[in-house]
Amino acid sequence: MTLEGWGLSAAVFLPLVGALVMLAVPRAAFGAHKALALVFTAIPFLIALAIAIGFDYGDTARMQYEVDASWIPSIGARYHIGIDGISHLLFVLTFFITFLCVIYSYRWLPEPVNPKVFFSLMLVLTTGMAGCFVALDLVLFFIFWELVLVPMYFMIAIWGGPRREYAAIKFFLYTLFGSIFMLVGFIALYLRSEVGGDRTFDILALQQLGASRVWGETFGILVFAGLFLGFAIKVPMWPFHTWLPDAHTEAPTVGSVILAAILLKMGTYGFVRIALPILPDAAVVWAPFIGILAAIAIVYAALACLAQTDMKRLIAFSSVGHMGFVMLGIASLTDRGINGAILGMVVHGLITGMLFFVAGSVHERFHTRDIPRLGGMLILLPWLGGILTYSSIASLGLPGLAGFWGEFLALLGSWFPAPALGELTLLFRILTVLGVIGTLLTAGYFLWLLQRVNLGNVPDEWEGHSFKDVTPLEWLAWAPLLVLILVVGVYPRLLLDVTSDAVGRIAQLFGG
Amino acid sequence: MRIDYAAIGPEIALAAGLSLVLMVDLALRGRSRVLAGWLSFATLVVAAALLVPNHGRLPVQTLGHMFVLDGFAFVFKALMLGSAAIVVLLSIHPMRAHRYEGEYYFLMLCAVLGTVLMPSSRDLLMLFVALELVSVPGFVLAGIRKRNARSNEAAVKFFLFGVLSAGIFVYGISLIYGFAGTTDLARIAQTSRVAGAEPLLLVGVLFIVGAFGFKVSAVPFHFWAPDTYEGSPTPLAAFLSVSSKAAGFVGLMLLLLVGVPNLAGLWGPVVGGLAIATMTVGNVLALRQRHLVRLLAYSSIGQAGYMLIPLALIRPYSTDPMAGSNAGLVRGLAMYLLVYAVMNLGAFAVVIGLSKQYPTLLIRDIAGLSRRAPFHAAALAGFMLSLGGIPPLAGWAAKFFVFLAAMGVGSTMAVVLAAVMVVNSVISLYYYVGVARAMYLQVPEEVGAVRFPPLITAVVAICIIGTLVLGVFPEPFASFARSAGITIFQS
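Predicted model, so just to flag it, every value in this text is computed and none were measured.

1. A word on the overall build of chain A
Here's step 1: In terms of helices and strands, chain A carries 20 helices and two strands.
Here's step 2: Here the C-alpha radius of gyration of chain A, 22 Å, is about what a compact globule of 512 residues would show, namely 24 Å.
Here's step 3: Here the C-alpha coordinates of chain A stretch approximately 75 × 55 × 40 Å along the principal axes.
Here's step 4: Across the 512 residues in chain A, those meeting the buried criterion constitute 61%.
Here's step 5: Here the contacts in chain A between residues at least 6 apart in sequence split such that 80% fall between residues at least 24 apart.

2. Comments concerning the overall build of chain B
Here's step 1: Counting its secondary structure elements, chain B contains 19 helices and two strands.
Here's step 2: A globule of 491 residues ought to have a C-alpha radius of gyration of about 23 Å, and chain B, at 21 Å, matches this closely.
Here's step 3: With respect to the three principal axes, the spread of C-alpha positions in chain B is 70 × 55 × 40 Å.
Here's step 4: Here the contacts in chain B between residues at least 6 apart in sequence split such that 81% fall between residues at least 24 apart.

3. Describing the interface of chain A and chain B
Here's step 1: Contact residues are listed per partner, giving 24 residues for chain A and 24 residues for chain B.
Here's step 2: Residue assignment for the side of chain A that touches chain B shows that the elements contributing at least two residues are helix H5 (138–147), helix H6 (149–159) and helix H7 (164–192) of chain A.
Here's step 3: Of the residues forming the side of chain A that touches chain B, the biggest block, 10 residues, is contributed by H7(A).
Here's step 4: In terms of residue class, the side of chain A that touches chain B is built from 20 nonpolar, one polar and three charged.

4. Structural notes on the packing of helix H8 (residues 199–215) of chain B against helix H11 (residues 264–286) of chain B
Any two packed helices are characterised by the angle at which their axes cross and by the distance between the axes.
Residue and element names in this part refer to chain B.
Here's step 1: Interaxial distance between H8 and H11 falls to 11 Å at its minimum, and their mutual angle equals 25°. Between H8 and H11, the interaxial angle falls into the category roughly parallel. Between H8 and H11 lies a crossing whose hand is right-handed. In this structure, H8 contributes Leu202, Val205, Leu206, Val209 and Gly213 to the contact, and H11 contributes Leu266, Trp267, Val270 and Leu274.
Here's step 2: Its residues assigned to classes, the contact of H8 with H11 shows eight nonpolar, one polar and no charged.

5. So, the nonpolar core
Here's step 1: In terms of nonpolar packing, the biggest core is built from 407 residues, with A:Ala275, B:Tyr336, B:Leu337, B:Val339 and B:Ala406 touching the most fellow members.
Here's step 2: Top element by residues in this core is helix H13 (residues 326–355) of chain B. It accounts for 22 residues.
Here's step 3: Sequence-distant contacts of B:Val339, defined by excluding residues within four places in its chain, comprise B:Ala394, B:Gly395, B:Ala397, B:Ala398, B:Leu470 and B:Phe477.

6. What about unusual backbone geometry?
Here's step 1: In this structure, A:Pro236 follows A:Val235 across a cis peptide bond, with omega equal to -15°.
Here's step 2: In this fold, A:Pro236 is placed in the loop between helix H9 (217–234) and helix H10 (243–250).
Here's step 3: Across the junction of B:Leu58 and B:Pro59, the peptide omega takes the value -5°, indicating a cis bond.
Here's step 4: Within the secondary structure, B:Pro59 sits in the loop between helix H2 (35–51) and strand E1 (60–62).
Here's step 5: In the Ramachandran plot, A:Arg213 falls in the positive-phi region, its phi being about 55° despite a non-glycine side chain.

7. A few points about the pairing of strand E1 (residues 64–72) of chain A
Looking along a regular strand, one sees the side chains alternate between the two faces of the sheet.
Here's step 1: Where E1(A) and strand E2 (residues 77–83) of chain A come together, six bridges link them in antiparallel fashion. Note that in E2(A) the partner of A:Ser70 across the bridge is A:Arg78.

8. Details of the packing of helix H9 (residues 224–231) of chain B against helix H12 (residues 292–312) of chain B
Residues and elements named next belong to chain B.
Here's step 1: In the contact formed by H9 and H12, the axes pass within 8 Å of each other and the chain directions differ by 140°. H12 is crossed by H9, and the crossing has right-handed handedness. Side by side, H9 and H12 meet where Ala225, Pro226, Tyr229 and Glu230 of the first sit next to Val293, Arg294, Leu296, Ala297, Tyr298 and Ile301 of the second.
Here's step 2: Looking at the contact of H9 with H12 residue by residue, the classes come out as eight nonpolar, no polar and two charged.

9. Some remarks on helix H8 (residues 203–211) of chain A
Residue and element names in this part refer to chain A.
Here's step 1: Here H8 has its buried residues at Ile203, Leu206, Gln207, Leu209 and Gly210. Viewed along the axis of H8, the buried residues span an arc of 160°, placing them on a single side of the element.
Here's step 2: Along its buried surface, H8 packs onto H5, H7, helix H11 (253–278) and helix H12 (280–306).

10. Looking at H5(A)
Residue and element names in this part refer to chain A.
Here's step 1: Burial runs high along H5: 10 of the 10 residues are buried.
Here's step 2: If you check which residues of H5 are buried, you get Leu138, Val139, Leu140, Phe141, Phe142, Ile143, Phe144, Trp145, Glu146 and Leu147.
Here's step 3: For H5, the secondary structure elements touched by its buried residues are E2, helix H4 (115–134), H6, H7, H8 and H11.

11. Points about the environment of A:Leu494
Here's step 1: Within the secondary structure, A:Leu494 sits in helix H20 (residues 493–508).
Here's step 2: Excluding residues within four positions of it along the chain, A:Leu494 makes contact with A:Val487 and A:Val488.

12. Some points on the confidence of the model for chain B
Here's step 1: For chain B, mean pLDDT is 92; residues scoring 70 or higher make up 98% of the total.
Here's step 2: Among the scores for the predicted complex, ipTM is 0.91 and pTM is 0.94.

13. What to know about the environment of A:Leu3
All names here are of chain A.
Here's step 1: Summarising the element assignment, leucine 3 is placed in the segment before helix H1 (7–24).
Here's step 2: Residues leucine 3 and glycine 54, spaced 51 residues apart in sequence, show a C-alpha to C-alpha distance of 8.2 Å.
Here's step 3: Those residues within four positions of leucine 3 in sequence are excluded, and the remaining contacts are Ile47, Ala50, Ile51, Gly54 and Tyr65.

14. Some details on the environment of B:Phe221
Residue and element names in this part refer to chain B.
Here's step 1: Relative to the helices and strands, phenylalanine 221 resides in the loop between H8 and H9.
Here's step 2: In sequence terms phenylalanine 221 and threonine 182 are 39 residues apart; their C-alpha atoms lie 28 Å from each other.
Here's step 3: Residues within four places of phenylalanine 221 in sequence aside, it is in contact with Gly210, Gly213 and Phe214.

15. Concerning the confidence of the model for chain A
Here's step 1: This prediction gives chain A a mean pLDDT of 92; 99% of its residues lie at or above 70.
Here's step 2: Considering each helix and strand of chain A separately, the mean pLDDT is smallest for helix H15 (residues 377–380) of chain A, with a value of 88, and largest for H5(A), with 95.

Reading the values: the criteria
Residues numbered from 1 in each chain as written. Chains lettered and ligands numbered in written order. Predicted model: local features only at pLDDT ≥ 70, side-chain atom pairs only at ≥ 80, totals over all residues. Helix = DSSP H or I, 4+ residues; strand = E, 2+ residues; numbered from the N terminus. Rg over C-alpha atoms; globule rule 2.2 N^0.38 Å. Buried ≥ 20, exposed ≤ 12 C-beta atoms within 10 Å, placed from the backbone. Contact = placed C-beta atoms within 7 Å. Nonpolar A, V, L, I, M, F, W, Y, C, P; charged D, E, K, R; others polar. Axes fitted to C-alpha atoms, helices over the stretch in contact; angles between N-to-C directions. Parallel < 35°, antiparallel > 145°, perpendicular 65-115°, else oblique. Left-handed = near helix turned anticlockwise from the far one by under 90°. Core = buried A, V, L, I, M, F, W, Y, C linked by C-beta atoms within 7 Å. Pairing = 2+ DSSP bridges. Arc of directions from axis to C-beta. pLDDT = per-residue confidence, 0-100.

Okay, structure coming up:
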């Protein structure tokens, strides 16, 4: 039995089917809902793994498992999906992370406990995110893109912290605002695509048109602006990041994990999949601008992190910084930079996902995430403290752990920007220096975090309390992440081999 | 002159049915009077059954050139009959054992006859008759709860605005007749093509646009709508916000596109201005509403604004075959009306179901509804998000088609209108999500399940399934709407 043809669709839509099945099960049947959620994330995850195993790694630039069927003929929108080296890792990551989230939630369900709604929202989210990474039609992409909004809104608004409703509506309206500009860009591309014959929303066909440079200069720059707004808000890039600290801080643990590990990547993925290859000329014009914003994001986020006292908020701001590295890599328009960016996306998913898990578990035990109130965690909870140390160090980019490679390649890419950006080499070198300063600051705030939370004596407040250290279920959910962080750190080619051919084809557009 | 009875079959069926309802009601007593409702429903089914066989022989015309059944008319008649059938089903429970139960259905069928007649009218007088046939029964229906002060207010406001608009409609006709010497839309088009932008003609057209603006509740002709929706029996509000509004749009399209297409450069900006005002005022005022029906009223004003956009962008004698063409614009509007009917009737269905237990119908009343009626709460949240245009609910497709057509035009006005639509869509989501927020995030004041009549639950189910299926597969409605877009420019 081959997965060709139906594999991708099955993986993408099974979670949605699961959500529908859960609707039919009575609310009080907590156990059934947990089991259903587990089944409907495990099976898609297994399918995704099977797809990954069957993937032809000799030709990662080619779309594989492609399906191209009629959908809305009136406007030429098609059900066109497939994966290549660029989407492969993010596609698998989506199912991997959601599966781990379900395992984690078996023990820690946020108040008010309602597994039915909680898990069905999570399953709908999964479909939206995974669909985004396989969609090869702009309308289809848009639908999946918007599909994540409502479940995430409710996830934050129902189970979030004290300011949940504000955070939720801010996330919702902010992202929606951006996505409408993105849609305007899509429609503009569609209307202009008639130069290639029939009008089309097909991403691959539009990429071909882009490669043959058919768009006018102004047109390209304006459309890129629309796409930029949509993607940049999702990433989020400085100065569009203000929704993120609120959303992350207020969201329940699992919501933060999904948000950080996968949802943000939809934005960066949009740049790599849609904006760059379809509008290469405009990308060259916009790249320095994106690079500057990225460098600001890196430094700004690091400084903001130094000022945070809420552990979750700190991790949220660190996300802004890490996504800055990803965007800097993309802005370099080079093979190295974009490879580093994709690697950075995946690795950030693993590490920051892990960090949010830890922050959530700290909150479960201490009922606070206030850094000054914590301390001596290595004495109180040696394992949890150890995991926090491990993932913080991975996140600050210590060589040998996964966080290093994405940042390193992004900085390397930006030090040698694409030939198309030749005249701007100096600017990009300045940005690289800023990025390096950012890594130093990042190391600074993470070490300071560890110093305040992990080291020192146990504060009087917690003296005499006994806390349960990492539970078996937590180990089960976290071990895969911890192992992968090390494996990718030691052997990054594991991931780079998947992306490099596909990225090379994009980099060619810029003479790289 | 031979009359093509098959073409006017639906109208005949409705006329016969409404007479029958009136007579049967006289013979019925007590609870059996509910038969009038089912008889009305049967009438609509028969009318639809008589409409469908015409599909193979479009276009046909009869009664001189006054009555045309083409693709455009077919699409909208189907819409009118379908939404009327849903309104009748929604009426059965709230109107049961009402003192004027039989009269209610009789008047409702009269109004439906008007909405069904409208798409076939190709003559100013026919348009006027159809419009008044929709309006006049509405005045009575709005005040049918005689002892209720709000119902009286609803009726009086509706009546005064309605009569005023009827007056300017007739005055507009007289001006146009004075200029063209005819009330036949096609011949008016010929005359105006020769004469160009004659002020007399233009003033006449604008008067009639105003009269239809009242019907579609375009700003500044909208003042009656929130009060009338609130005070009327809620099923009538559903009818006014869907069927009656659609009839207004159909009339507007016929007047402008068949009657004076060559003056599009002049009336286009006027309609564009109406669209901007309607979108903005409707959505901004909706933000402040605490009453569910008033919220839906302002929402439906905002929605009317979106629907005016394609009409504002029609260009005289455009032959561009693709997205931004005139046919594409009309397709966008038709698609919007079709999708809007499904989702808005669904929203009203939930509200009507609530009205027995919560006659006040405040947003506060639905706090925590998700725990007391999970299915209905989920459905209402779905309708709200669909009205807001969130995929994969049908509303996105409606907005998408309008947006696509507007951007295809690409003129400055198109860009401005599209931009205003974008901003308004984001604003509107604040209150649409607000309804969902009340149901899911707030704590209910009472406990215990809210009971919905089975018939209303069935309608809610049909509408939510339609909203979901059309959101994922909009093609059936899109190609149906397309036939309306293509044929109107051939008449």
